[in-house]
Amino acid sequence: QRASRTGTTYGINDLSGPVGVVTTMSNAYEIMSIDEFLILVAFISINIGIMNLLPIPALDGARFLFLLIEAIRRKPIPAEKEGMVHFIGFALLMLLMIIVTFNDISRLFTGGA
C-alpha cells in the first residue's frame, strides 16, 4: 500500500477493472447530466490511452521503448527476447486483471465501496 499526500493509503483493493468501471459509470449516469457523463467517458478513454503508452511489457509503450532502444543501438533486439519480455508482461497483466475483476465482483455481492 502507498500513502498519498492526504495520508490515505491505496492498495490493490482500491483498483477497479471493467466490472468496477461499468458499475461506477452506471451510478454516475443516474446522477449526471448527459454532458457531464460524456465528459467522464472521454476522460476515462483518454486515461486508458495514456496508460497504454506507459512502457509496461505487453502494452504499446513497451513496443515504442524497444524501438527506441533499437534506434539507439542501431541493431535489432532479438525477436525471441522481446517476445519473452512481452509474454511475461502480458501474463502479469492478466494476473492483475483476474485479481481486480475478482475484487470488483466480490464488491458487487457484498455491497462494498
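Since the structure is predicted, the reported quantities are computational estimates derived from the model, not experimental observations.

Rules and cut-offs
Residues numbered from 1 in each chain as written. Predicted model: local features only at pLDDT ≥ 70, side-chain atom pairs only at ≥ 80, totals over all residues. Heavy atoms only, no water. Salt bridge = Lys/Arg side-chain N within 4 Å of Asp/Glu carboxyl O. Helix = DSSP H or I, 4+ residues; strand = E, 2+ residues; numbered from the N terminus. Buried < 20%, exposed > 50% of the residue type's maximum accessible area, 1.4 Å probe, protein only. Patch = residues over 30% accessible without salt bridge, like charges linked within 9 Å, V, L, I, M, F, W, Y side chains within 5 Å. Areas by Shrake-Rupley, 256 points an atom, 1.4 Å probe, with all protein chains shown as cover. Expected span 1.5 Å × (residues − 1). Axes fitted to C-alpha atoms, helices over the stretch in contact; angles between N-to-C directions. Parallel < 35°, antiparallel > 145°, perpendicular 65-115°, else oblique. Contact = heavy atoms within 4.5 Å. Nonpolar A, V, L, I, M, F, W, Y, C, P; charged D, E, K, R; others polar. Polar contact = N/O pair within 3.5 Å; in protein donor to acceptor, adjacent residues only side chain to side chain. Left-handed = near helix turned anticlockwise from the far one by under 90°.

Caption draft 1: Summary view of the pattern of salt bridges. Following the criterion strictly, the structure yields two salt bridges and no others. The salt bridge partner of E82 is R63, with a shortest N-O separation of 2.6 Å. Of the two residues, E82 is situated in helix 4 (residues 79–110) and R63 in helix 3 (residues 60–73); the sequence distance between them amounts to 19 residues. A salt bridge links D104 to R107; its shortest N-O distance comes to 2.8 Å. Placement of the pair is D104 and R107 together in helix 4, with a separation of three residues, close to one helical turn. Exposure class is identical for D104 and R107. Each is buried.

Caption draft 2: Representation of a nonpolar patch on the surface. A surface patch of nonpolar side chains, about 820 Å² in accessible area, is lined by I12, L15, M84, F87, I88, L92, L95, L96 and I99. In this structure, L15 sits in the loop between strand 2 (9–10) and helix 1 (18–31).

Caption draft 3: Representation of helix 4 within the structure. In this model helix 4 runs 46 Å from its N-terminal to its C-terminal C-alpha over 32 residues, within 8% of the 46 Å that 1.5 Å per residue would give. Of all the positions in helix 4, only E82, H86, G89, V100, N103, D104 and R107 are classed as buried.

Caption draft 4: Molecular detail of the packing of helix 1 against helix 4. Where helix 1 contacts helix 4, the axes come no closer than 7 Å and their chain directions differ by 40°. Between helix 1 and helix 4, the interaxial angle falls into the category oblique. In this structure, helix 1 uses P18, V19, G20 and T23 to contact helix 4, whose residues at the interface are M97, T101, D104, I105 and L108. For the contact of helix 1 with helix 4, a count of residues per class yields five nonpolar, three polar and one charged.

Caption draft 5: Spotlight on the environment of T8. Within the secondary structure, T8 sits in the loop between strand 1 (2–3) and strand 2. Sequence separation between T8 and P78 is 70 residues; the distance between their C-alpha atoms is 44 Å.

Caption draft 6: Spotlight on unusual backbone geometry. Backbone geometry places A58, a non-glycine residue, at a positive phi of 85°. Along the chain, A58 turns up in the loop between helix 2 (34–52) and helix 3. Phi at R74 takes a positive value of approximately 60°, unusual for a residue other than glycine. By the element assignment, R74 lies in the loop between helix 3 and helix 4. Of the residues examined, R74 reaches a relative accessible area of 77% and is grouped as exposed.

Caption draft 7: Summary view of the side chain of D104. A relative accessible area of 3% places D104 in the buried class. There is a polar contact of 2.7 Å between the side chain of D104 and the backbone nitrogen of G17. Those residues in contact with D104 that lie beyond four places of it in its chain are L15, S16, G17, P18, V19 and G20.

Caption draft 8: Molecular detail of the packing of helix 1 against helix 2. Where helix 1 meets helix 2, the axes come as close as 8 Å, and the angle between the chain directions of the two elements is 155°. Judged by the angle between their axes, helix 1 and helix 2 are roughly antiparallel. Crossing geometry of helix 1 relative to helix 2 is assigned as right-handed. Contacts between helix 1 and helix 2 involve M25, A28 and Y29 on the former and, on the latter, I34, F37, L40, V41 and I44. Tallied by class, residues from the contact of helix 1 with helix 2 come to eight nonpolar, no polar and no charged.

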